[in-house]
Amino acid sequence: MTRTSDETTPDIEVHQLSVWYGQTPALRNVNLNISAGQILAIIGPSGCGKSTFLRVLNRMIERFSDVRVEGTVRVGSFNVLDDHVDVTQLRRAVGMVFQHPNPFPMTIFDNVAYGPRIFGMRSSTQLRKTVEDSLKQAALWDEVRGKLRRGAGTLSGGQQQRLCIARALAVNPRVLLLDEPTASLDPVSAAKIEELIVQLKSQYTMVIVTHNLQQAARVSDLVAFFEQGRLIEMGNTQEMFTAPREKRTEEFLTGRFD
């Protein structure tokens, strides 16, 4: 599933992005670029627009009523906000993993095979290989290889989250979005997810929303700090944590934020 990219062209380009829920602004004039193979961690206080930003990248924002979005967002070859973009293909290219594991009420095998079947894969041999490869990528294969016909609900919470990651990877996305992917997990399961994120970096561009500053420091290449819908600062992870340029960023990182 490894892909090549023109490293001179950002994988994700966001220009003057603004979002309103009704009359309430959620994002204001956000501009940022992410290169292929980078992991961006988005941090900030609750309600600052982190999850809204994530939902814009694959048009999940449209599931909310009375939403208005302005600006330009490009992911690979997709002009995300264009009225004529194929949203189904966009969401195939931009996979998403949510805070709480949400496996489908079906077998482990069928969870992972669901996307490939939707997109026309019919060969049982090809499906089996895709399921196996995706579960291996998600570091779950060794734990479930003899249990593929069992219901996904029989897995632990951490296993279910890795299953959801495998399900997202099975359609060969370009970008992976993760919205607080370890928030509902115990420390051991969370550590496995973090390790997996780092392993996947060589093949996917990733954006992770997290309230866990230590997690952001461990897994990301870049950090973006949002406050009240605005991108206050974005930069190299080490530099952001050791020498942030903006006072508000420093206050947030040092716990003196009000």
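Keep in mind the model is a prediction, meaning the values are calculated, not measured. For every chain, the first residue of its written sequence is number 1, and the numbers climb from 1 along that sequence. Two thresholds apply to this predicted model, a pLDDT of at least 70 for residue-level local features and 80 or more for giving and counting side-chain atom pairs, whereas whole-chain, interface and lining totals are computed over all residues. By convention in this description, side-chain values take in all heavy atoms of the structure and omit both hydrogens and water.

Asks: What's the story with unusual backbone geometry in this structure? I'm lost.
Replies: The phi angle of most residues is negative, glycine excepted, and most peptide bonds adopt the trans form. For Asp 66, which is not a glycine, the phi torsion comes out positive at approximately 55 degrees. Mapped onto the elements of the fold, Asp 66 is located in the loop between α1 (50–57) and β4 (67–75). On the accessibility criterion, Asp 66 (59% relative accessible area) is exposed. The residue Ala 139 is not glycine, and still its phi comes out positive at about 55 degrees. To sort residues, take the accessible area from a 1.4 Å probe on protein chains only and compare it with the maximum for the residue type: under 20% means buried, over 50% means exposed, and anything in between is partly exposed. The exposure class of Ala 139 is partly exposed, given its relative accessible area of 38%. Secondary structure elements are defined from DSSP: runs of H or I of at least 4 residues count as helices, runs of E of at least 2 residues count as strands, and each element is numbered from the N terminus.

Asks: Looking at this model, I keep getting lost on the confidence of the model for the protein. Mind explaining?
Replies: Residues shown with low pLDDT carry predicted positions that ought not to be read at fine detail. What pLDDT reports is the predictor's confidence in each residue, on a scale of 0 through 100. When the pLDDT values of the protein are averaged, the result is 93; 96% of them are 70 or greater. No element of the protein has a lower mean pLDDT than helix α7 (residues 187–200), which averages 92, and none a higher one than strand β9 (residues 222–227), which averages 98. Within the model, the stretch residues 1–8 combines pLDDT values under 50 with 15 contacts to residues more than four positions away or in other chains. Any two residues whose heavy atoms approach within 4.5 Å at even a single point are treated as in contact.

Asks: Hey, could you run me through the sheet that holds β4 in this one?
Replies: Across a sheet, strands are paired by hydrogen bonds formed along the backbone, either parallel or antiparallel in direction. Here the rule is simple: two strands pair whenever DSSP picks up at least two bridges between them. With antiparallel pairing, the four strands of this open sheet are ordered in space as β2-β1-β4-β5. At either end of the open sheet lies a strand with only one pairing partner, and these are β2 (24–34) and β5 (78–79). Strand direction decides the pairing type here: strand β1 (residues 12–21) and β4, joined by eight bridges, are antiparallel. Counterpart to Ser 18 in the pairing with β4 is Glu 70. Strand contacts of α1: β1, β2 and β4, with the helix running at about 120 degrees to β1, the strand carrying the most contacts. Only C-alpha atoms enter the line fits that serve as axes; for helices the fit covers just the stretch in contact. Angles between N-to-C directions range over 0 to 180 degrees.

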